[in-house]
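Each chain is listed here by its residues.
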Amino acid sequence: MPSIAKPVIASLILERNAIGLTIRDYEGPMSTLCAGCGHDSTTAALVQALWRASVWPHRVVKLSGIGCSSKTPTYFLRGAHGFNSVHGRMVPIATGANAANRDLLYLGISGDGDALSIGLGHLSHGIRRNVHMVHLIENNGVYGLTKGQFSPSADVGSRSHRGEHNTLAPIDPIRLGLSLGATFLARGFSGDKAHLVPILEAAIAHRGFALVDVISPCVQFNNHVGSTKSYAEVRAHQLQVTDVVPPQETAALSASDQVVDVAVPGGGIIRFRSLPSHYDPTDRRSVAAYLEDHAQRGEVPTGLLYLDESVPDVHERAGSTAVPLNELPYSVLCPGADALRALQDARY
Amino acid sequence: MIPTDVTDATYYCQVVDCQWACPAHTDVPAYIRLVGQGRHAEAYMLNRSTNVFPGILGRTCDRPCEPACRRGRVDDEPVAICRLKRVAADLRGNVSALAPRAARHRNAKRVAAVGCGPASLTVANDLLPLGYEVTIFEASTAPGGLMRTSIPAFRLPTAVLDEETSAVIEMGAEVRYGSPVTSMAALLADGYDAVFVGSGAPKGNDLDIPGRHEPGAAAHVHVSLDWLASIAFGHVRSIGRRVLVIGVGNTAMDCCRSARRLGGAEVRVVARRPRAFFKASSWELRDALDEGVEVLTERAPRRFVVEDGRLVGMEFDVLQWDDDATHSTVVGSELLPADDVVLAIGQENAFPWIERDLGIEFARWDLPVVDPVTMASTRPGVFFGGDAAFGPKNIVWAVAHGHEAALSIDRHCQGLAVDERPAVRASLVSQRMSVGEWSYSNDFNPVGRQETPHVELSRRFADLGVEVELDFTPAQVAREIERCLNCDVQTQFSAALCVECDACIDICPVQCLVIVDDAASGANGAVGANGANGAVGANGANGANGANGATTPGSGAGLVFVSTPLPHTGHVMVKEEDLCVHCGLCAERCPTAAWDMAKLHVTHPRAGAQTSERVEALA
Ligand SMILES: Cc1cc2nc3c(=O)[nH]c(=O)nc-3n(C[C@H](O)[C@H](O)[C@H](O)COP(=O)(O)OP(=O)(O)OC[C@H]3O[C@@H](n4cnc5c(N)ncnc54)[C@H](O)[C@@H]3O)c2cc1C
Ligand SMILES: Cc1ncc(C[n+]2csc(CCOP(=O)(O)OP(=O)(O)O)c2C)c(N)n1
Ligand code: SF4
Ligand code: SF4
Ligand code: SF4
Ligand SMILES: [Mg+2]
């Protein structure tokens, strides 16, 4: 663990984004994760995406559970709000916070253990409700923090650092999401920022629950020969399926790049620049068939794999207040005993 | 992109900007670390091994290292390399036990050196330990050359000069003072195995304009070199109240400041060209201004004005220059009163004592034809160095020439080819101590450059020998050494180990790393496309990348490292050396130790350097 901080070099002239911030304004203190951990690269990709999307740091809520992955919110966006919940409970906390204030960007960071073991139930319901948030799974096939036990995303046959072979079938969050009615499903690789950053930007622009499964190798416990989630294996089997341009950047493109455009409610479009033939990222069945097919071959399809901007998010469905609770006048927030009695009389 | 050939030490040598810029290749970062550890004697000896006169140079060096220093690119102000050298010299204590000694057994070879300036002294310093007998002929009565006769004592105390010149001489050089060499033919006839000419550029330029030769002018118009020498030897002790100094180089600065100390109350330096085109070092000009010297620009001398057999002043053409000061027009004239005038308008070589039929060829401006690498003249066995070789330069160049000439003389005397030079030797040793721990102070310290303290003005003129600049205080030393970025601790990359996790790229505080798909993109665009932020493009060294800067001459600015293809993807790692602060974070965050921080140690060949042919020759 390095004892020193990343210094600020005054003479370095850094580019500024639309709100006048440099990329350094999106960083945090030095990571304490193992050197080379995929989670740190994912953090760096997030920093780039948030900078490019010109998000105000104080308008972001970083949420996480428990795990090495769940530690990473500490290491970026020092100016944001944060909540480090208990193991697997990040989605309920995000749902509650979301109900109270829908104006903020909710950025949930979880691990494959946190989200797919103890937190699987919450994840499922978050997807079903279409909670307006970005949900990252930093997926390394192991419980990194507790020293490398297989997680539910470990592939059958993958060998642990201590030599055992996994025999339990893996949970693939993307195919799980398809079955639960997810509206934004993407997979990236921490070692491929060129594709991961635009996915994260698109996730930030999405109308509801954006699930991003980031294959993020654990260099300490799952980067050996025999592991299916090592840098080398993922690189050898990565299959880049789609190439997207996020809404913030589509204006600059020519029509010839266009394959499929999907409008996002906030304005702008997410543009698919390249797709395999017969692959429609807006058609659930086409995506499911494609993923099933490629999973059989041991490939790791990456890209923004499925997108549906037509489904209302949790607020639209629940009709919750558009004004954050902390901005409502007290008289509206708590209208008093008479109002309560009137409500009760009307109902019962 | 072509992978950088790191087996050629030149690449890593160029990263150490200061050392690369130093004519003598002083290992600056190593001595700065020693100063930081309070190991002043070792810091001094490390300096001495390359630049021979650390106490003198720590005060007077022209410091080509400082404009080159990486720190100057990082926060505008270079490390105070020169003054830290002085700290090592002043606090070194007794180093006699560490000093080089003459060989116990002579090798029966005799070398003559003409002049006892820094160039000849360096030759003696390098040859005496090898067993050579060195005889130095010196016209004047004391050693040091212009270091003694021109550089005023308020910049270089005589005691410092005496100590460092005698350290060489006492090794066993025979110096014959008051012995100007008047015939090279005669010297050669004495049968020396080699002759080194280190006689400097001893002639100060005169100004042949009307009035110069009128009686009355002669006694009050002084030529800089002679005048400064007369002051140094105590023959001149005063000057008139109103003094004009013609010229704006460093010599003019020494003259005007000397004049202030000899009683000149109104001292004016008069220059032809505008202020932006002065040749004097900024710090010397600043000191002169502090001492109340007035600087007048855009005036060209027209005549000396002599009335009633007495110099009363000078008349000048007032000039108007175009923007880049190449052309001027005369727009008026001005009379400036003066009791004395000092001419500081350059110096020249003069070799009236070298007969032109000895096979020693001369070219333009009466300069000898000298090989810039070997310092050899066109006559085998005769070598030149210092100001005598290529015209006036400075002390550290004289030292560098001396080292090369000594190497050549040794090879010549041993019957080896002079133009075959032993190789530069380099090694890299990892500085990792443990996780998060490096052998050097790798943390970037944003502290600014420390100002050299000066003696207060009122005390400066008490005596000619009051040294104006003082040592850094201990607190200043502690701050200044932390400003050095340890450029010799190099980022060393092993492509075979890289798993392309991007950790180094993400952590680098100056964004100088990028992995590039060499096949897919032109060299330039790829760096600009760094991840999503394009910030590497903003570093400005982008252009150099296309040119594959490994071959860029000069320094770390614009130098680019390109790895061999990486095992997973065949992409290449690219590093712009320009702003790297050697923080080691890339190596710290690398999971496979593909990046390491390794200390470069370079040995430049000196006289006596072993080469295989030499070992055979000695066997
Ligand atoms: C005013 C002034 C200030 C300077 N300040 C600096 C400074 O701050 N820093 C810096 O780096 N450089 C400075 N320089 C330049 C520096 O002093 C010279 O570049 C350097 O001393 C050259 O060394 P050298 O060994 O070649 O010759 P020199 O130092 O010139 O020594 C030559 C010696 O040879 C002797 N000699 C000459 N002809 C004969 C002969 N025929 N026989 C016997 N002996 C002979 C001379 O008496 C002299 O002692 C300054 C120069 C001047 C004029
Ligand atoms: C309720 C509870 N059960 C178990 C644990 C022990 N525990 C800590 S982290 C972790 C798994 C983390 O795995 P993952 O989410 O994949 O994170 P990684 O470290 O791999 O990034 C477990 C089981 C706990 N902290 N709390
Ligand atoms: S144990 Fe694994 S997941 Fe945790 S920090 Fe280390 S490399 Fe990353
Ligand atoms: S920072 Fe230090 S090592 Fe680097 S060029 Fe400057 S003095 Fe030399
Ligand atoms: S040492 Fe490494 S991380 Fe630090 S500035 Fe240099 S390249 Fe960047
Ligand atoms: Mg995990």
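Quantities reported herein were computed from a predicted structural model and do not represent experimental measurements. Here the residue numbers are simple positions, counted from 1 along each chain's written sequence. Going through the entries in the order they are written, you letter the chains from A and number the ligands from 1. Side-chain atom pairs in this predicted model are given and counted only at pLDDT of 80 or more, local residue features only at pLDDT of at least 70, and totals for whole chains, interfaces and linings cover all residues. Side-chain figures throughout are based on the complete set of non-hydrogen atoms in the structure, without hydrogens or water.

A. Here's a closer look at the overall build of chain B. Looking only at helices and strands, chain B features 25 helices and 23 strands. The globule rule puts the C-alpha radius of gyration for 619 residues at 25 Å, and the 27 Å found for chain B is close to it. On the principal axes, the C-alpha backbone points of chain B span a range of 90 × 65 × 45 Å. Any residue under 20% of the maximum accessible area for its type is buried, any over 50% is exposed, and the rest in between are partly exposed; the area is computed with a 1.4 Å probe on protein chains only. Residues classed as buried in chain B amount to 57% of the 619 residues present. Counting only contacts in chain B whose residues sit at least 6 apart along the sequence, the fraction spanning at least 24 positions is 71%. Surface summary for chain B: the accessible area is close to 24300 Å², and the carbon and sulfur share equals 53%. Distance between charge centroids for chain B: 5 Å, based on 56 positive and 77 negative side chains. Counting from the N terminus, the helices are the DSSP runs of H or I reaching at least four residues and the strands are the DSSP runs of E reaching at least two. Taken over C-alpha atoms, the radius of gyration is set against a globule rule of 2.2 Å times the number of residues to the power 0.38. Any two residues whose heavy atoms approach within 4.5 Å at even a single point are treated as in contact. Accessible areas in this description were obtained via Shrake-Rupley with a 1.4 Å probe; residue shielding takes into account the shown protein chains only. Charge counting follows a simple rule: Lys and Arg are positive, Asp and Glu are negative, and His as well as the terminal groups are ignored. To locate a charge, the coordinates of NZ of Lys, CZ of Arg, CG of Asp or CD of Glu are taken.

B. Seen up close, helix H4 (residues 40-51) of chain B. Residues and elements named next belong to chain B. By this rule, a helix spans an expected 1.5 Å times one less than how many residues it contains. The end-to-end C-alpha distance of H4, which contains 12 residues, comes to 16 Å, matching closely the 16 Å that a straight helix rising 1.5 Å per residue would cover. Three or more residues of H4 are buried, namely His-40, Ala-43, Tyr-44, Met-45, Asn-47, Arg-48, Thr-50 and Asn-51. Tucked into the core, H4 has its buried residues touching helix H3 (28-36), helix H5 (54-60), helix H8 (81-90), helix H9 (118-127), helix H11 (158-169) and helix H17 (395-413). Following H4 by one or two positions, Val-52 has its phi on the positive side, about 65°.

C. Geometry of the domain arrangement of chain B. Residues and elements named next belong to chain B. As annotated, the domain borders come from an automatic or database domain assignment. By the assigned domains, chain B splits into domain 1 (110-201 + 349-413) and domain 2 (204-344). Each of domain 1 and domain 2 was reduced to a C-alpha centroid, and the two centroids are 31 Å apart. On the domain 2 side, the residues contacting the 12 residues of domain 1 number 10 residues. Summed over both sides, the interface of domain 1 with domain 2 buries roughly 850 Å², with 62% coming from carbon and sulfur. What counts as buried area is the accessible surface, traced by a 1.4 Å probe, that two parts surrender upon association, with contributions from both included. Contact with domain 2 buries surface across domain 1, with Thr-149, Phe-154 and Arg-155 losing the most and accounting together for 57% of the total. By convention in these notes, a salt bridge is any Lys or Arg side-chain nitrogen within 4 Å of a carboxyl oxygen on Asp or Glu. For the pair domain 1 and domain 2, the interface holds 2 salt bridges. Across the pair Arg-155 and Asp-254 runs a salt bridge whose closest N-O atoms are separated by 2.6 Å. Distance and chemistry together define a polar contact, namely a pair of N or O atoms within 3.5 Å, with one atom able to donate a hydrogen and the other to accept it when in protein, and with adjacent residues in sequence counting only for side-chain atoms on both sides. Summed over the shared surface of domain 1 and domain 2, the number is 3 residue pairs in polar contact (both at pLDDT 80 or more). Under the convention adopted here, Pro, Cys and the residues Ala, Val, Leu, Ile, Met, Phe, Trp and Tyr are nonpolar, Asp, Glu, Lys and Arg are charged, and Gly plus all remaining residues are polar. Split by residue class, the side of domain 1 that touches domain 2 holds 6 nonpolar, 4 polar and 2 charged.

D. Local environment of the site of ligand 1. Residues and elements named next belong to chain B. Around ligand 1, a shell composed of 34 residues is seen, among which Thr-60, Glu-138, Arg-155, Val-181 and Asp-387 lie nearest. In the environment of ligand 1, an oxygen atom lies 2.6 Å from a nitrogen or oxygen atom belonging to the side chain of Glu-138. Here an oxygen atom of ligand 1 and a backbone polar atom of Leu-146 are 2.9 Å apart. Coverage of ligand 1 by the protein amounts to 92% of the 1000 Å² it exposes when considered alone. At the level of elements, H9, helix H13 (224-232), helix H14 (250-261) and H17 are the ones that each hand at least two residues to the shell around ligand 1. Near is defined per residue: the residue qualifies when any heavy atom it owns lies within 4 Å of the molecule or strand.

E. Layout of the environment of B:Ile360. Residue and element names in this part refer to chain B. Here Ile-360 lies in the loop between strand E14 (347-348) and strand E15 (382-384). Residue classification places Ile-360 among the buried positions, given a relative accessible area of 3%. Once the C-alpha coordinates of Ile-360 and Asn-125 are considered, the two residues, 235 residues apart in sequence, prove to be 25 Å apart. Ignoring anything within four residues of it in the chain, the contact list for Ile-360 reads Met-184, Ile-354, Ser-377, Thr-378, Arg-379, Val-382 and Phe-384.

F. Region of the structure containing unusual backbone geometry. At A:His278, a position not held by glycine, the phi torsion is positive, near 65°. Tracing the backbone shows A:His278 in the loop between strand E12 (269-274) and helix H9 (284-296). A positive phi angle is found at B:Ala325, which is not glycine, with a value near 55°. With respect to the helices and strands, B:Ala325 occurs in the loop between strand E11 (310-321) and strand E12 (328-337). Among the residues examined, B:Ala325 registers a relative accessible area of 1% and is labelled buried.

G. Looking closely at the packing of aromatic side chains. Residues and elements named next belong to chain B. Centres within 6.5 Å are what make two rings of Phe, Tyr or Trp a pair, Trp counting through its six-membered ring; a difference in plane orientation under 30 degrees is then read as stacked, over 60 as edge-to-face, and the rest as tilted. Per the counting criterion, the structure on display carries 11 aromatic pairs over all chains. Measuring from ring centre to ring centre gives 6.2 Å for Phe-493 and Phe-561, while their planes differ by 75°; the resulting arrangement is edge-to-face. Of the two residues, Phe-493 sits in strand E19 (residues 489-493) while Phe-561 sits in strand E21 (residues 560-562), which places them 68 residues apart along the sequence. Like Phe-493, the residue Phe-561 is buried in the burial classification. An aromatic cluster of three or more residues is present, and its members are Tyr-11, Tyr-12, Phe-493, Phe-561 and Trp-595. Looking at Arg-364, its charged tip hangs above the ring of Trp-365, at a distance of 4.2 Å from the centre. A ring is considered to have a charge above it if a Lys NZ or an Arg CZ atom is located within 6 Å of its centre and within 35 degrees of its normal. The positively charged end of Lys-393 is found above the aromatic ring belonging to Trp-397, 4.5 Å away from the centroid.

H. Broad picture of the interface of chain A and chain B. The interface is formed by 35 residues belonging to chain A together with 34 residues belonging to chain B. Taken together, the two surfaces of chain A and chain B that pack against each other cover about 2800 Å², and 58% of this comes from carbon and sulfur. Counting every contact that joins chain A to chain B gives 3 salt bridges. The interface formed by chain A and chain B contains 12 residue pairs in polar contact (both at pLDDT 80 or more). Those elements giving two or more residues to the side of chain A that touches chain B turn out to be helix H1 (38-52), helix H7 (193-205) and helix H8 (231-237) of chain A.

I. Quick peek at the site of ligand 4. All names here are of chain B. In the vicinity of ligand 4, the contacting residues are Asp-17, Cys-18, Val-28, Pro-29, Cys-69, Arg-70, Ile-81, Cys-484, Leu-485 and Cys-487. Breaking the shell around ligand 4 down by element, the ones donating at least two residues are helix H2 (17-21) and H3. Here the residues of the shell around ligand 4 sort into 8 nonpolar, no polar and 2 charged.

J. Broad picture of the sheet that holds strand E10 (residues 243-245) of chain A. Residues and elements named next belong to chain A. DSSP-based pairing: two strands are paired if at least 2 bridges between them are found. Across the sheet, which stays open at both edges, the 3 strands sit in the order E10-E12-E11 with antiparallel pairing between neighbours. Two strands lie at the open edges of the sheet, namely E10 and strand E11 (260-263), each paired on one side alone. On average, each strand axis in the sheet is inclined to that of its neighbour by 25°, with strand direction left out of account. Bridge analysis of E10 against E12 gives 3 bridges, and the strand direction is antiparallel. Looking at the pairing, Val-245 lines up with Arg-271 of E12. For every element, the axis is a line fit to its C-alpha atoms; helices are fit only across the contacting stretch, and the angle between N-to-C directions ranges from 0 to 180 degrees.

K. Structural detail: the side chain of B:Asp387. Secondary-structure assignment places B:Asp387 in helix H16 (residues 387-390). Dropping the residues within four chain positions of it, B:Asp387 is found in contact with B:Leu146, B:Gly200, B:Ala201, B:Gln347, B:Asn349, B:Pro392, B:Lys393 and B:Asn394.

L. Expanded view of H14(B). Residue and element names in this part refer to chain B. Compared with an ideal rise of 1.5 Å per residue, which puts 12 residues at 16 Å, H14 spans 17 Å between its outermost C-alpha atoms and is within 8% of the ideal. Among the 12 residues that make up H14, 10 are buried, leaving the element largely enclosed by the rest of the structure. Taken residue by residue, H14 has Ala-252, Met-253, Asp-254, Cys-255, Cys-256, Arg-257, Ser-258, Ala-259, Arg-260 and Arg-261 as its buried positions. Contacts made by the buried residues of H14 are with H13, strand E7 (242-246), strand E8 (266-270), helix H15 (282-290), strand E13 (340-343) and helix H18 (457-460). One or two steps after H14, the chain reaches Gly-263, where phi turns positive at roughly 115°.

M. Up close: the coordination of the magnesium ion (ligand 6). All names here are of chain A. Distances define the donors: N, O and S atoms within 2.8 Å of the metal qualify, as do those within 3.2 Å of Na, K or Ca. Water is excluded, so some sites may look unfinished. Looking at the metal site, the magnesium ion (ligand 6) is ligated by Asp-112 (OD), Asn-140 (OD1) and Val-142 (O), spaced 2.1 Å from it. Each donor residue of the magnesium ion (ligand 6) lies on the same chain, and together they follow the pattern D-x27-N-x1-V. In this structure Asn-140 comes out as buried when scored by relative accessible area, which is 4%. Of the residues examined, Val-142 reaches a relative accessible area of 4% and is grouped as buried.

N. Spotlight on the pattern of salt bridges. With the rule as written, the count across this model stands at 60 salt bridges over all chains. With its nearest N and O atoms 2.6 Å apart, the salt bridge here joins B:Lys575 to B:Glu577. Take B:Lys575 and B:Glu577: they sit in the same class, and that class is buried. A cluster of three or more residues bridged by salt bridges with shared partners is formed by A:Asp172, A:Arg175, A:Arg187, A:Asp213 and A:Glu292.

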